[in-house]
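Here are the chains, one letter per residue:
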Amino acid sequence: MRLEGRTVLITGAARGIGRACATRFAAEGADLVLLDIGHDLPGVGYPLGSADQLKQTGALCERAGAAVLTVLADVRDTAAVGSAVDTALERFGTLDVLVNNAGIAAPSGKAVHEVTEDEWALMLDIDLSGAWRMIAAVAPEMLRERRGSIVNVASTAGTVGYRHFAGYVAAKHGLIGLTRAAALDYAPFGVRVNAVCPGSVRDDPHLDGRMLSEIARSLDVPVGEHEQIFLRDQPMNALLEAADVAGAALWLAGDDSRQVTGTVTAVDGGFGAR
Amino acid sequence: MTVETHSLIVRLPGGADRLPPGVLCWRRTAASPESVRAVARREAARPMHPAAAPVRRVLVTAGDVADLVIVADRNAVSRSRLEQGFEQDFEQNLDVVAAPWAATAPAATAVSWGQGVPGQARSFETVPVTGGEREFLAAAALVLACYEARDRVTFAVVPGADAEARLVTAEVSGRTVADLLAPPVVTTAGEAVLGVVVTSCDGPDEYVAHHRPPYPVTAHVELGGATIVRVRWSFTDLVHPATARRFADQVSRLAGRLGQVAPDLDAGRLDLLTSAETAEVLRLGDGGARPPGEQVVARRFREIAVRRPGAVALCDGTEQWTYARLDRESGAMAAGLRAYGVGPGVPVGICLDVGAALVVSQLAVLKAGGTYVPMDPGHPADRLRYLADDARLRLVIGSAATFPDAGAMTVVEPAELGREPAGPEPPAADDGARAAYVIYTSGSTGRPKGVVVPQRNVCALVDAVRDDLRLGPDDTWTLFHSSAFDFSVWEIWGCLLTGGRLVLVPYWTRRDSDEFYDLLVRERVTVLNQTPSAFAQLVRTDERRRGELALRLVVFGGEALNVRMLAPWFARHPSATCRIVNMFGITETTVHVTSETVTPSAVSSGSRSVGRALPGWSVSVRDAHGRVLPPGVPGEIVVGGAGVATGYRGRPGLTAQRFVAGGTTAGDRVYRSGDLGRLHPDGRLDHLGRLDHQVKVRGHRIELDEIRSVILDLPGVREAAVRFRAGDDGDGRIEAYAVLEGATTEQVLEACRRILPGYMVPSSVTALAGLPMTANGKVDMSALPDPAVAPAPAASQEGDDALAGRLSAIWAEVLKADVAMTTNFFTAGGTSLGVVRVLARMQERGLPKVPVRQFYRNSTLAQFVDLVRTTIDG
């Protein structure tokens, strides 16, 4: 059990990669603080993680033996984020790992000059500033303990550009920059910060995943055929599973990577090798 | 900052319904009713955040089984208050208390025997102990006394969860088991390394008194009635995990035994380690099998001479000796020795300074089957006479003109032997057990004793390190040390038996670090052996000179190394280019015993490790009864294996006392070194000094009693005491005190100079009306006054110029005493090392370089000032 006795906070834990990480970490002995927004947002054209989905993730983790605390909070809300962290510390006394997984893929599908002020602000507020708020709330606790691991779930969009995804690409590039800067700030205190960059992850119905189809919708790729189309860019001729990302996050979270900080780990089936 | 917590797990008989409404708690479901308690324990052990509420409740349920876990800040909620943890108004009525151990638990004490690994704390339970609280406390006292190497120990007992901790002391020496089982004596405030927390556990509720151990070693003893149900041990990372386990097992085992043995049994006779544990500790200190190899020195030398006859073996000034020539000339000399009756086992004195003749003579004696007895021509005549007499020498190779009246002994010049061309050389003796040499060391009886070392030991030494140190024909060594110091055995045979080139360092070059430095650069020396104090001078010279050294290996021996002095060396010479190896050794175990490569990180940590035993050698640390002690515990270093000498020449009693049975295999002898050390859990050894007051001065082991008995033997001396005072620069001074009846201190010093070698002559002799005594009638060394110093300088004699002032300041620094213009450097305690220091400081302060030889000839301050002035003017 690689995370025995550790407490892990995961944002965007209601479904998809967040749920995959939560259940994997629970199986490795971690106790979990699971956070998601629990309601939809105007301006994001698809349903966000719900309270029920978050509860479902919690139940799966408890079944694996974990102690679980679920918290509904919006990562744009500094006060809500702070109070979520306080509650977690009341319950568990410490926080060892933070997985910044919350993020949106839409509104997208426009050229740079067509993106509105509000769309741009919303995307950056969640995908980039949300991670910054979480780090700002959790890092003091990790520094106090002089240990901790922060895993930022970025994207291949953090290392290359995608057409008509300027906000998302800018936010994920920003997240990688944040990762490196934070790694340097915290390295003297034994706190590590790394990024993992998933490529095209299959929407797993068991995880209520829907990110890939939302990306397809933004690009006007017909949903249903989109998996075949995305496959063309995959040297390994397979879409990724959320569990593949969870495996990389687990390694970065645990002591096996204790000398690893400020790095970017691509989990993309060879996409970046081209 | 962490919150100290304690916890109580309460089984709710009626399930979760017993919990009064309105009590806030976290809820958690366990997988099954059977796993409820396990989950509850995990919740109880969870830390509490400093900013969180001082109480946390977690309700763990499965079916109709429910456990309420109450975790509270130890400094906010007492044990009895914790009982009411499920009351509704609990948080409003906290009783702020200090944890019971607050006064006795140290914040961060070092555990002298801990050898901990940062981050590796250990907690575990030991099997139920037979016996009760009294047996446990007695056992804990005994084991702690062993680890702390003391007869009297202090530790904390927390009797019951809310009771204040009491510090108790226990005397373990000379006590019976019944004495130990008596209630311990309560003492006044202090701090404890070990704390024993005793609580009762009745019924299904579970109380844990602490989740972070309050003491470096905490034993939480849970009593069920009068018997111990369980002991939870917590060791912080100040204690090595392996030591933690052993400590806990020893206490548990001993507690069980104390109830079974006769009450009048001497507690000191109880063994603390099982035979399996003893075997394990012995294995730790075992350097492994002796590598195979030829066991006769002369035959080994011959192999190399035959293989590479043209290679240079010796370099004596401008003269080079090939292996073939060394082989030929030593063969001729061996023939000459045989003509003098030298044969198997016959001792032959060699009284020569460092030079080719010295090496040829040693090899010739071995070729003739004899045993060489090195004698330093610089030692006083009395000492040389004593050695010749004690070793029953009939023949000495040396200078007949200078050797003291030989009596029935023949003194023959090396040149006179081997003038005849040798006939075909008879094969070298094939017995590796035959003595190669006898080297004299200080003796506790007041007279030096001869250590008899067989040939196979010398060969084993070379085999043990040859591969690790990569010794071979490309190496150039120096012969720096006097042949009377066994470091030279290593220099000569370590080099010649691996095919290297040995550069012989002349007397004056050894005393002038600049000249020696020039030699190292000029001869491209690769392997250098030094005592740390000599090397310290070389480091300073190197800093100043920045020459191109070819050194790839520096071996330290002869005295304890203070690794911190190496920092400037490593700054110029990375350990990848020049390896630094510290070796601990004893004449009685053939020069070296252990070896440790010193790295820059060891320098920053100030390590005292001398490393692991060499292959073929073994080390263990034992108590006064010869019992093996576990890692961490200080005791006498005992050495076994391939280096153990035959014994002391002509002293069967002393030999039997120091060379005893007790090796890892039956029949093996081990040598009790009298050195204090402790083993690490990985088998490395820390050297901690001498058990008695034998001391080392500039690499020479000196028994202070030997000096004392010389002084006491003088007419006009009634009592005497000699002490050694370590200096902060790694050097030290021998100070003598005497109660005189007619003699003067000057006469005493004069006599010491006549009888003792220079390094044993006291720096000062102070006359006292009587020696201070301790309560039990021994001389109280710590109560001796500071030594008498030269009288304060008269104003008229004080130098009237700045030069005299600067020079007298340097002398005063080096001599650590006031100096006057009449002060003689050597009479005032100055040594050859002191000379080098004075010259180094002069150079640092921009004063001219003065030849060492001139220093010896101008040894009063007035003469010295004149000398320096002449140098400046000239």
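Residues numbered from 1 in each chain as written. Chains lettered and ligands numbered in written order. Predicted model: local features only at pLDDT ≥ 70, side-chain atom pairs only at ≥ 80, totals over all residues. Heavy atoms only, no water.

An unreviewed UniProt entry annotates chain B as Non-ribosomal peptide synthetase of Actinacidiphila acididurans.

Heads up, the condition is: UniProt positions are given in the numbering used here, feature names are shortened, and annotations may be inferred rather than shown by experiment.
Under an unreviewed UniProt entry, the name given to chain A is Mycofactocin-coupled SDR family oxidoreductase, and the organism recorded is Actinacidiphila acididurans. Under the Sequence similarities (unreviewed entry) heading, UniProt states for chain A: "Belongs to the short-chain dehydrogenases/reductases (SDR) family."

1. A few points about the overall build of chain B
Stated precisely, the cut-off is as follows: Going along the chain from the N terminus, every DSSP run of H or I of four or more residues is numbered as a helix, and every run of E of two or more is numbered as a strand. Exposure is judged per residue with a 1.4 Å probe applied to protein chains only, and the accessible area is read against the type maximum: over 50% gives exposed, under 20% gives buried, and values in between give partly exposed. What makes two residues a contact is simply this: any of their non-hydrogen atoms within 4.5 Å. To be clear on the numbers: accessible area is Shrake-Rupley with a 1.4 Å probe, and residue cover counts the displayed protein chains and nothing else.
Looking only at helices and strands, one finds 24 helices and 38 strands in chain B. For chain B, the spread of C-alpha atoms along the three principal axes comes to 110 × 70 × 55 Å. For chain B, the proportion of its 874 residues judged to be buried stands at 56%. Put simply, of all contacts in chain B between residues at least 6 apart along the chain, 67% involve residues at least 24 apart. Surface exposure of chain B reaches about 34,900 Å², of which carbon and sulfur atoms provide 51%.

2. Remarks on the nonpolar core
Note the following rule: Here, nonpolar core refers to any group of buried Ala, Val, Leu, Ile, Met, Phe, Trp, Tyr and Cys residues whose side-chain atoms link them within 4.5 Å.
Counting 140 residues, the largest nonpolar core has B:W233, B:W493 and B:L496 as the members making the most contacts within it. Take this core: its biggest share by element is 12 residues, from helix α3 (residues 133-148) of chain B. A:A67, A:V75, A:V191 and A:L239 belong to the second largest nonpolar core, which has 56 residues in total.

3. Focus on α3(B)
Residues and elements named next belong to chain B. Our working rule: The length a helix should cover is 1.5 Å for every residue beyond the first.
Here α3 is 16 residues long and its end C-alpha atoms lie 22 Å apart, about the 22 Å a rise of 1.5 Å per residue gives. Of all 16 residues in α3, 14 are buried, a share of seventy percent or more. Looking one or two places after α3, you find A149, whose phi comes out positive at around 55 degrees.

4. What about the pattern of salt bridges?
All names here are of chain B. In plain terms, the rule: Only one rule defines a salt bridge in this text: a Lys or Arg side-chain nitrogen within 4 Å of an Asp or Glu carboxyl oxygen.
Tallied over the entire structure, the rule returns 61 salt bridges over all chains. A salt bridge links E222 to R232; the shortest N-O distance between them is 2.9 Å. Taken as a pair, E222 in strand β11 (residues 217-224) and R232 in strand β12 (residues 227-235) lie far apart in primary sequence, 10 residues in all. For the salt bridge of E813 with R841, the shortest nitrogen-to-oxygen distance reads 3.0 Å.

5. Thoughts on the interface of chain A and chain B
The following threshold applies: Reported buried area values correspond to the accessible surface (1.4 Å probe) lost by two parts on association, with both partners' losses combined. Any N or O atom pair separated by 3.5 Å or less is treated as a polar contact, with the protein-specific requirement of one donor-capable and one acceptor-capable atom, and with residues adjacent in sequence counted only for side-chain atom pairs. Polarity classes work like this: nonpolar for Ala, Val, Leu, Ile, Met, Phe, Trp, Tyr, Cys and Pro, charged for Asp, Glu, Lys and Arg, and polar for all others, with Gly in that last group.
In this complex, chain A contributes 15 residues to the contact, which on the side of chain B involves 15 residues. Regarding the contact of chain A and chain B, the summed buried area is about 1,200 Å², with carbon and sulfur atoms giving 46% of it. At the boundary of chain A and chain B, one finds 2 salt bridges. A salt bridge links B:E43 to A:R91; its shortest N-O distance comes to 2.8 Å. For the pair chain A and chain B, the interface holds 5 residue pairs in polar contact (both at pLDDT 80 or more). Mapped by element, the contributors of at least two residues to the side of chain A that touches chain B are α3 (78-92) and α5 (129-145) of chain A. Of the residues forming the side of chain A that touches chain B, the biggest block, 5 residues, is contributed by α3(A). For the side of chain A that touches chain B, the per-class residue count stands at 5 nonpolar, 5 polar and 5 charged.

6. Remarks on the packing of helix α14 (residues 513-522) of chain B against helix α15 (residues 532-545) of chain B
Residues and elements named next belong to chain B. Quick reminder of the rule: Every axis corresponds to a line fitted to the C-alpha atoms, with the helix fit spanning only the stretch in contact, and the corresponding angles, defined between N-to-C directions, vary from 0 to 180 degrees. If an angle is under 35 degrees, it is roughly parallel; if it is over 145, roughly antiparallel; if it lies from 65 to 115, roughly perpendicular; otherwise it is oblique.
The contact between α14 and α15 brings their axes to 10 Å, and the two run at 70 degrees. Regarding the angle of α14 to α15, the classification is roughly perpendicular. Contacts between α14 and α15 involve S513, D514, F516, Y517, D518 and L520 on the former and, on the latter, Q537, L538, T541, D542, R544 and R545. Here the contact of α14 with α15 is composed, by residue class, of 4 nonpolar, 3 polar and 5 charged.

7. Quick word on the domain arrangement of chain B
Under the convention used in this document: Note that the domain bounds reflect an automated or database-derived domain assignment.
Domain annotation for chain B reports domain 1 (5-99), domain 2 (103-272), domain 3 (319-411), domain 4 (697-783) and domain 5 (799-873). For domain 2 of chain B and domain 3 of chain B, the distance between their C-alpha centroids amounts to 61 Å.

8. Observations regarding helix α6 (residues 275-284) of chain B
All names here are of chain B. Going by this rule: Note that the arc is defined by the directions from the helix axis to the C-beta atoms.
For α6, the full list of buried residues reads E277, V281 and L282. One face of α6 carries all of its buried residues, which in axial projection span an arc of 140 degrees. Away from the buried face of α6 by more than 90 degrees, exposed residues S275, A276 and R283 are located. Lining the buried residues of α6 we find α5 (241-258), β28 (617-622) and β32 (669-679).

9. Section: the packing of helix α21 (residues 802-815) of chain B against helix α22 (residues 832-844) of chain B
Residues and elements named next belong to chain B. We count it as follows: Crossing handedness: left-handed means the near helix sits turned counterclockwise from the far one by under a right angle, and right-handed means the same turn made clockwise.
Packing of α21 against α22 leaves a shortest axis separation of 10 Å and a crossing angle of 140 degrees. Regarding the angle of α21 to α22, the classification is oblique. In this structure, α21 crosses over α22, and the sense of that crossing is right-handed. Along its contact with α21, which presents L807, I810, W811, E813 and V814, the element α22 presents G834, R837, V838, R841 and M842. Of the residues that constitute the contact of α21 with α22, the class distribution is 6 nonpolar, 1 polar and 3 charged.

10. A closer look at the confidence of the model for chain B
In low-pLDDT regions, the fine details of the predicted coordinates are not to be read closely. All names here are of chain B. Formally: On a range of 0 to 100, pLDDT expresses the predictor's confidence in each residue.
Averaged over every residue, the pLDDT of chain B is 86; the share at 70 or more is 90%. In the predicted structure, residues 790-799 sits below a pLDDT of 50 and forms 10 contacts with residues beyond four places in sequence or in another chain. In the predicted complex, the global pTM is 0.72; the interface-specific ipTM is 0.91.

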